[in-house]
Protein chains: 4
Amino acid sequence: MIDSDKPLKLAGREYQSRLLLGTGRYKDLDETRRAVSASGSEIVTVAIRRLPDTAGGDALLPALRELGCTILPNTAGCYTVEDAVYTCQLARELLDGETLCKLEVIGCKETLQPDTIGTLKAAEQLIRDGFHVMAYTTDDPLIAKELGDMGCTAVMPLGAPIGSGLGIQNRLNIRRIVETCAAPVLVDAGVGTASDAAIAMELGCDAVLLNTAVAEANDPERMAAAMKHAVIAGRHAYLAGRMPARIRGVASSPLTGTLNG
Amino acid sequence: MIDSDKPLKLAGREYQSRLLLGTGRYKDLDETRRAVSASGSEIVTVAIRRLPDTAGGDALLPALRELGCTILPNTAGCYTVEDAVYTCQLARELLDGETLCKLEVIGCKETLQPDTIGTLKAAEQLIRDGFHVMAYTTDDPLIAKELGDMGCTAVMPLGAPIGSGLGIQNRLNIRRIVETCAAPVLVDAGVGTASDAAIAMELGCDAVLLNTAVAEANDPERMAAAMKHAVIAGRHAYLAGRMPARIRGVASSPLTGTLNG
Amino acid sequence: MIDSDKPLKLAGREYQSRLLLGTGRYKDLDETRRAVSASGSEIVTVAIRRLPDTAGGDALLPALRELGCTILPNTAGCYTVEDAVYTCQLARELLDGETLCKLEVIGCKETLQPDTIGTLKAAEQLIRDGFHVMAYTTDDPLIAKELGDMGCTAVMPLGAPIGSGLGIQNRLNIRRIVETCAAPVLVDAGVGTASDAAIAMELGCDAVLLNTAVAEANDPERMAAAMKHAVIAGRHAYLAGRMPARIRGVASSPLTGTLNG
Amino acid sequence: MIDSDKPLKLAGREYQSRLLLGTGRYKDLDETRRAVSASGSEIVTVAIRRLPDTAGGDALLPALRELGCTILPNTAGCYTVEDAVYTCQLARELLDGETLCKLEVIGCKETLQPDTIGTLKAAEQLIRDGFHVMAYTTDDPLIAKELGDMGCTAVMPLGAPIGSGLGIQNRLNIRRIVETCAAPVLVDAGVGTASDAAIAMELGCDAVLLNTAVAEANDPERMAAAMKHAVIAGRHAYLAGRMPARIRGVASSPLTGTLNG
């Protein structure tokens with residue numbers, strides 16, 4: 001069957017969907033819920049430190065559980081190794097021992113770019129402490145490789161700055177990370193519309209994580225559906241093996257022999 | 001329901017799928033059949049003058065009918081107005097009075113680029129003769145507008161040269177055609193992989209026609225599935241209204257208020 | 001000598017500079033004069049029908065002559081074949097029998113895109129009437145070829161819409177025109193900054209014509225100097241034959257043998 | 001005077017040229033010499049550990065001195081902090097106490113990508129030891145900022161992998177580095193042709209360092225001249241302040257008032 005694909009494996013669990021959704025910036029819990037449903041996401045990330053200010057507030061976590069989602073706590077807003085590690089520990093308590101976490105150690109308040117050195121340190125501590133770390137990082141292939149080698153559950157390079165919607169800036173780096181990183185690779189941040197997500201998957205990424213592209217679309221629910229299809233499209237295109245690009249046109253119908261001679 | 005969309009209307013008929021597939025360059029009829037099925041296409045185009053040399057030969061048309069497809073005859077390989085018009089007339093007889101046709105008047109043997117002036121003339125003659133003309137053309141917005149104004153059923157600008165797989169070269173022109181052309185607009189030619197098809201739809205095209213990208217993928221059937229999802233993804237993304245692209249990053253989670261803060 | 005290059009030949013005259021400058025949108029005649037000087041342009045184009053509203057007004061032509069420039073009258077603002085032809089005839093009288101003209105037959109008031117069919121007709125009439133026609137056109141390679149074959153002195157495809165500053169949208173088409181057009185090829189319209197002009201020349205164009213990029217820079221005189229160098233840079237790069245682009249990095253120093261090793 | 005520009009200052013010295021050239025991969029010393037001359041470069045970099053295998057060998061340094069160039073020793077081929085530091089010390093002896101050095105700590109033998117963490121360590125040691133460090137690094141803006149803050153003489157992000165000729169992959173990052181880095185910023189690596197160098201300067205870089213693009217052009221001397229002009233072009237364009245890019249065309253001649261109208 002053509003739609004077959006092996007599942008995405010993270011921390012020993014298997015997922016059919018290769019789209020992970022964030023929960024920030026929605027208007028209200030209902031909008032969040034409809035977007036998550038339409039996206040088909042099985043993993044949904046929550047900014048633990050900003051939970052009170054996220055749409056839904058305390059009601060968000062139960063709502064996501066009801067939708068059958070794995071809740072992936074993230075450390076958005078953490079600017080130090082200590083803060084990030086502490087936030088993960090807090091999340092583990094809050095989420096009944098959940099060891100999966102999305103690590104963000106932010107190095108710049110303006111661009112929200114990850115601090116790669118802090119990320120390496122925090123990842124090491126968290127792994128030692130029993131966490132399954134999905135590490136948000138830059139698209140530096142050597143840093144990504146190091147995160148994979150130290151045992152991160154996933155490595156998540158940005159495609160472009162968080163919330164920019166500019167699409168993948170450096171395809172070379174993303175492809176290189178896919179080739180050299182031992183862990184599953186997810187593009188996280190920078191996706192602005194469906195084709196951006198498809199491109200991430202065509203480069204060979206294992207999954208895509210996005211938030212703003214859905215939450216700030218005019219119709220978030222419909223954009224969530226767009227992203228669901230885009231990730232499937234890009235994944236199949238990657239597995240199918242695309243045609244070579246050619247500078248000169250080549251007839252798509254055989255050039256010899258015509259009905260009229 | 002989020003997956004709702006109005007159908008694509010062509011020549012008074014309605015279609016749920018916005019992906020049209022070509023039948024050139026497949027290995028054999030079975031591969032063609034599986035690709036058409038996986039693509040979900042309801043309209044499939046056939047190079048009438050090259051039918052004997054197309055995979056399946058005489059068996060192709062009955063096979064496509066069995067799949068429930070509208071057969072769209074095309075005039076690939078025609079370099080003059082007369083040849084193109086004659087080929088359409090021939091196709092009408094062959095296909096029991098089918099008036100829908102895909103007009104190609106090619107102006108260059110090397111790049112297979114359309115001859116716009118010949119295309120305008122042939123389209124005029126064919127419309128006068130009762131045909132429903134889907135006109136393959138360049139991405140010149142003024143030519144496209146003229147084709148729409150004269151009553152073409154669809155206008156089909158190329159994204160890049162036929163068989164090149166280079167993706168849409170001039171998004172500005174495609175968008176301009178979408179804005180100013182009275183007829184439905186389909187990108188025809190140039191799509192190389194799934195994201196290219198998604199981009200065409202995100203620009204507001206009504207549908208996408210492609211062939212080589214599927215036929216020359218390592219796994220045509222899977223690529224056909226990729227294209228099906230890509231077209232749906234791009235269509236939803238267009239209808240949903242994408243987020244604005246921003247140069248400076250903006251946090252995707254609210255910046256104020258933290259659990260520990 | 002490395003800076004050697006054969007001159008640009010147009011209508012039997014030879015030019016060292018491959019940058020042509022427009023005279024619209026400057027603040028005053030002094031700014032025009034300084035920009036022309038800094039650009040090193042030897043051919044400067046003037047919108048004949050808009051002369052009263054151009055900076056300098058009646059004083060513009062004498063000022064340009066004083067700078068030693070060939071004045072190239074253009075038919076900007078002409079929307080019909082008749083208007084364009086008449087404007088060229090008027091210019092010939094105004095400019096003491098000058099037969100060189102830049103033909104624009106505009107087809108769209110909003111984008112100022114050329115009407116290719118009108119351009120072909122007007123070019124034919126003007127050539128028959130003894131003009132040396134430099135024809136502004138789209139980047140359609142077949143139309144460009146036809147203009148060259150009919151005897152145009154130069155063919156001038158747009159890189160992007162006039163005044164857009166978006167740079168060359170379709171490099172494939174510009175390169176194809178360079179390969180197949182019998183006349184010198186100039187990119188005309190769309191250049192926004194220096195690298196855009198360099199790219200046009202790297203694609204093999206014989207020259208570049210621009211206006212807004214200089215006139216609407218914060219410092220037009222300095223941008224004119226930038227464009228002068230950019231055109232020289234792109235020309236030399238084209239003649240020098242660039243290195244191939246490679247996906248994998250290759251050391252730029254020999255990899256074997258080290259001082260310590 | 002329009003061609004005026006403040007000089008580039010590095011380690012207390014002033015340079016008129018903003019193009020730095022490498023000496024690897026030339027055919028012979030004569031080719032090197034002619035390329036350096038044509039480029040107008042005042043700073044030329046030499047791979048100290050590969051000197052015996054570089055065109056010219058022992059004769060290279062005296063030849064460069066004769067051309068009046070500052071010789072910038074680099075640590076190409078160094079994969080550890082120790083090797084890089086030792087190579088700089090060796091170069092200082094070899095070059096009569098020259099403290100300027102180009103630091104490369106390479107992290108990947110295949111792509112020659114810099115190891116950012118090793119680079120930070122080596123830079124710190126070298127600065128403490130009295131060197132003026134020009135640090136080759138990735139385009140990570142936070143790493144670049146740190147290198148600038150610690151006192152590097154220049155920060156040199158790659159535009160694309162060394163020897164790839166692919167041009168600047170991530171303009172956003174280069175621009176961000178220009179905005180936030182305390183030291184002069186040079187794009188080093190990735191330039192393939194003249195427009196790539198112009199783009200680097202248009203983004204606001206202080207200078208460009210390149211090697212393969214000249215050495216592997218068909219005609220290195222002419223490409224060196226192309227690069228000289230490209231860097232000047234891009235610098236002036238940056239200083240001039242480019243026009244805004246616009247989606248809709250705007251007439252470059254005033255739209256009101258026509259001679260015949």
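Residues numbered from 1 in each chain as written. Chains lettered and ligands numbered in written order. Predicted model: local features only at pLDDT ≥ 70, side-chain atom pairs only at ≥ 80, totals over all residues. Heavy atoms only, no water.

Thoughts on the overall build of chain A
Spelled out, the test is: A run of DSSP states H or I qualifies as a helix once it reaches four residues; a run of E qualifies as a strand once it reaches two. Both are numbered from the N-terminal end. C-alpha atoms define the radius of gyration in this analysis, and the globule rule sets the expected value at 2.2 Å times the number of residues to the power 0.38. Any residue under 20% of the maximum accessible area for its type is buried, any over 50% is exposed, and the rest in between are partly exposed; the area is computed with a 1.4 Å probe on protein chains only. A contact between two residues is defined here by any heavy atoms of the two lying within 4.5 Å. Note that accessible areas follow from Shrake-Rupley with a 1.4 Å probe, and for residues the cover is restricted to the protein chains shown. Residues counted as positive are Lys and Arg, residues counted as negative are Asp and Glu, and His and the chain ends are not counted. Where a charge lies is defined by one atom per residue type: Lys uses NZ, Arg uses CZ, Asp uses CG and Glu uses CD.
Counting its regular elements, chain A contains nine helices and ten strands. A globule of 261 residues ought to have a C-alpha radius of gyration of about 18 Å, and chain A, at 19 Å, matches this closely. Along the longest, intermediate and shortest principal axes, the C-alpha atoms of chain A span 75 × 40 × 35 Å. Split into buried and exposed, the 261 residues of chain A put 63% on the buried side. Look at the contacts in chain A between residues 6 or more apart in sequence, and 66% of them connect residues 24 or more apart. Put simply, chain A shows about 8,800 Å² of open surface, and 48% of that area lies on carbon and sulfur atoms. Between the centroid of the 26 positive side chains of chain A and the centroid of its 32 negative side chains there is a distance of 6 Å.

Examining the interface of chain A and chain B
Here is the rule we go by: In this description, buried area is defined as the sum, over both parts, of the accessible area (probe of 1.4 Å) that is lost when the two are combined. Think of a salt bridge as a Lys or Arg side-chain nitrogen and an Asp or Glu carboxyl oxygen that are within 4 Å of each other.
Taken together, the 75 residues of chain A in the interface contact 75 residues of chain B. Summed over both sides, the interface between chain A and chain B buries roughly 6,500 Å², with carbon and sulfur atoms accounting for 57% of that surface. Inspection of the region where chain A meets chain B yields two salt bridges. For the salt bridge of E216 of chain B with R246 of chain A, the shortest nitrogen-to-oxygen distance reads 2.4 Å.

Quick word on the interface of chain C and chain D
To keep things clear, this is the line we draw: Polar contacts here mean pairs of N or O atoms no more than 3.5 Å apart (in protein, one a potential hydrogen donor and the other a potential acceptor; neighbouring residues in sequence count only if both atoms are side-chain atoms).
Contacts between chain C and chain D engage 75 residues on the former and 75 residues on the latter. Surface buried jointly by chain C and chain D totals about 6,500 Å² across both partners, of which 57% is contributed by carbon and sulfur atoms. Put simply, chain C and chain D have 23 residue pairs in polar contact (both at pLDDT 80 or more) between them.

Some points on the relation of the copies chain A and chain B
One copy of the chain maps onto the other through a rotation about an axis followed by a shift along the same axis. Put simply, the test is: Residues reaching a pLDDT of at least 70 in both copies supply the C-alpha atoms on which the copies are superposed by least squares.
The two copies are related by a screw motion: chain A maps onto chain B through a turn of 180 degrees and a shift of 0.0 Å along the axis, at an RMSD of 0.0 Å. The superposition of one copy onto the other is thereby described by a two-fold rotation axis. Looking at chain A, 100% of its interface residues are interface residues in chain B too, so the copies touch through the same face.

Some details on the environment of P73 of chain C
Note on placement: P73 of chain C falls in strand β5 (residues 70-74). Not counting chain neighbours up to four residues away, the residues in contact with P73 of chain C comprise T45, V46, I48, A91, L95, L100, C101 and K102 of chain C.

What about the pairing of strand β10 (residues 207-210) of chain B?
All names here are of chain B. Our working definition: Note on pairing: DSSP must find at least two bridges between two strands before they are called paired. Whether a crossover is right-handed depends on one test, that the path from the first strand over the helix to the second runs clockwise when the strands point away from the viewer.
Along β10, one buried face is formed by A207 and L209 and the opposite face, lined by V208 and L210, is buried too. Relative to β10, strand β3 (residues 19-22) is paired through three bridges, and the arrangement is parallel. Counterpart to L20 in the pairing with β10 is L209. Alignment of strand β9 (residues 186-188) against β10, held across three bridges, turns out to be parallel. Among the inter-strand pairings, D188 is bridged to a residue of β10, identified as L209. For the crossover that starts at β9, traverses helix α7 (residues 194-202) and ends in the parallel β10, the hand is right-handed.

Some remarks on the packing of aromatic side chains
All names here are of chain D. The cut-off we apply is this: Between 30 and 60 degrees the pair is tilted, below 30 it is stacked and above 60 it is edge-to-face, where a pair is any two Phe, Tyr or Trp rings, Trp via its six-membered ring, whose centres lie within 6.5 Å. Counted as over-ring charges are cases with an Arg CZ or a Lys NZ within 6 Å of the ring centre that also lie within 35 degrees of the ring normal.
Taken as a whole, this structure holds zero aromatic pairs over all chains when the rule is applied. When the ring centre of Y136 is taken as reference, the NZ or CZ atom of K102 above it lies at 5.5 Å. Stacked on the ring of Y79, the Lys or Arg K109 has its end atom at 4.9 Å from the ring centre.

Here's the deal with unusual backbone geometry
The residue D96 of chain B is not glycine, and still its phi comes out positive at about 55 degrees. Along the polypeptide, D96 of chain B turns up in the loop between α3 (81-94) and β6 (100-103). Notably, L112 of chain D is not glycine yet its phi reads approximately 60 degrees, a positive angle.

Let's talk about the UniProt feature "binding site: 1-deoxy-D-xylulose 5-phosphate" (unreviewed entry) in chain A
Residues and elements named next belong to chain A. Note the threshold: UniProt positions are given in the numbering used here, feature names are shortened, and annotations may be inferred rather than shown by experiment.
UniProt's entry tags G163, A189, G190, N211 and T212 with the feature "binding site: 1-deoxy-D-xylulose 5-phosphate" (unreviewed entry), counted in the numbering of this structure. A maximum C-alpha distance of 9.4 Å is found for the annotated residues, which run over 50 residues; spatially they form one tight group. We classify A189 as buried; its relative accessible area is 10%. Aside from chain neighbours lying at most four places away, what touches A189 is Y136, L158, G159, A160, I162 and L209. The residue N211 is located in the loop between β10 (207-210) and α8 (212-215) in this model. Among the residues examined, N211 registers a relative accessible area of 9% and is labelled buried.

Topic: the pattern of salt bridges
Applying the stated criterion to the full structure yields 72 salt bridges over all chains. In this structure, the salt-bridge partner of D129 of chain A is R92 of chain A, at a minimum N-O distance of 3.2 Å. Remark: R92 of chain A occurs in helix α3 (residues 81-94) and D129 of chain A occurs in the loop between α4 (116-128) and β7 (132-137); sequence separation between them is 37 residues. Given a relative accessible area of 22%, R92 of chain A falls into the partly exposed group. When the shortest N-O distance is used, the salt bridge between R34 of chain D and E221 of chain D registers 2.8 Å. Placement of R34 of chain D in helix α1 (residues 29-39) and of E221 of chain D in helix α9 (residues 220-240) is noted, with a sequence separation of 187 residues between them. Given the relative accessible area of 33%, R34 of chain D is considered partly exposed. Residue E221 of chain D is classed as partly exposed on the basis of its relative accessible area of 22%.

Focus on helix α5 (residues 141-149) of chain D
Those residues of α5 of chain D that fall on the buried side of the exposure criterion are P141, L142, I143, A144, L147 and G148 of chain D. Looking at the buried residues of α5 of chain D, the elements they touch are α4 of chain A together with α4 (116-128), β7 (132-137), β8 (154-157) and α6 (171-180) of chain D.

Re the environment of E216 of chain B
Structurally, the position occupied by E216 of chain B is in the loop between α8 (212-215) and α9 (220-240). The spacing of E216 of chain B and P141 of chain B is 75 residues in sequence and 30 Å in space, taken between C-alpha atoms. Not counting the four nearest positions on each side in its chain, E216 of chain B is found in contact with M243 and R246 of chain A together with R25 of chain B.

Brief notes about a positive patch on the surface
How we decide: Only residues above 30% relative accessible area that lack a salt bridge enter a patch, with like-charged residues linked at up to 9 Å and the nonpolar side chains Val, Leu, Ile, Met, Phe, Trp and Tyr linked at up to 5 Å.
On the surface, R171 and R175 of chain A together with R171 and R175 of chain B cluster together into a positively charged patch. Elements represented by at least two residues in the positive patch include exactly α6 (171-180) of chain A together with α6 (171-180) of chain B. Tracing the sequence through the fold places R171 of chain A in helix α6.

A word on the packing of helix α9 (residues 220-240) of chain C against α9 of chain D
When two helices pack together, their arrangement is given by the angle between their axes and by how far apart the axes lie. What counts here: Note on geometry: axes are C-alpha line fits, over the in-contact stretch for helices, and angles between N-to-C directions span 0 to 180 degrees. Oblique is the label for any angle not under 35 degrees, not over 145, and not in the 65 to 115 range, which are roughly parallel, roughly antiparallel and roughly perpendicular in turn. By definition, turning the near helix anticlockwise from the far helix through less than a right angle yields a left-handed crossing, and turning it clockwise yields a right-handed one. Residues were grouped as follows: Ala, Val, Leu, Ile, Met, Phe, Trp, Tyr, Cys and Pro as nonpolar; Asp, Glu, Lys and Arg as charged; and all remaining residues, including Gly, as polar.
Interhelical geometry of α9 of chain C versus α9 of chain D gives an angle of 155 degrees and a closest axis separation of 7 Å. As summarised for this structure, α9 of chain C and α9 of chain D are arranged roughly antiparallel, according to the angle between their axes. Where α9 of chain C crosses over α9 of chain D, the handedness of that crossing is left-handed. Mapping the contact onto sequence places R222, M223, A225, A226, H229, A230, I232, A233, H236, A237, L239 and A240 of chain C in α9 of chain C and R222, M223, A225, A226, H229, A230, I232, A233, H236, A237, L239 and A240 of chain D in α9 of chain D. Looking at side-chain class alone, the contact of α9 of chain C with α9 of chain D contains 18 nonpolar, four polar and two charged residues.

Points about the confidence of the model for chain A
Put simply, the rule is: The pLDDT value tells you how sure the predictor is about a given residue, anywhere from 0 up to 100.
For chain A, the average pLDDT comes to 92, and 93% of its residues sit at 70 or higher. Taken together, the stretch residues 253-261 of chain A has pLDDT below 50 and engages in 26 contacts with residues farther than four places along the chain or on a different chain.

What to know about the pairing of β8 of chain D
Residues and elements named next belong to chain D. Burial along β8 is two-sided: A154 and M156 and V155 and P157, pointing in opposite directions, are all buried. Summarising the sheet, β7 and β8 pair through four bridges and their orientation is parallel. Following the sheet pairing, M134 is matched in β8 by A154. Tracing the backbone out of β7, into α5 and back to the parallel element β8 gives a crossover that is right-handed.

A short note on the packing of helix α5 (residues 141-149) of chain C against helix α6 (residues 171-180) of chain C
All names here are of chain C. At a minimum axis distance of 9 Å, the contact between α5 and α6 shows a crossing angle of 30 degrees. By the angle class used here, α5 and α6 are roughly parallel. By crossing handedness, the relation of α5 to α6 is classed as right-handed. For the pair formed by α5 and α6, the contact residues are P141, A144 and K145 on the first element and N173, R176, I177 and T180 on the second. Classifying every residue of the contact of α5 with α6 gives three nonpolar, two polar and two charged.

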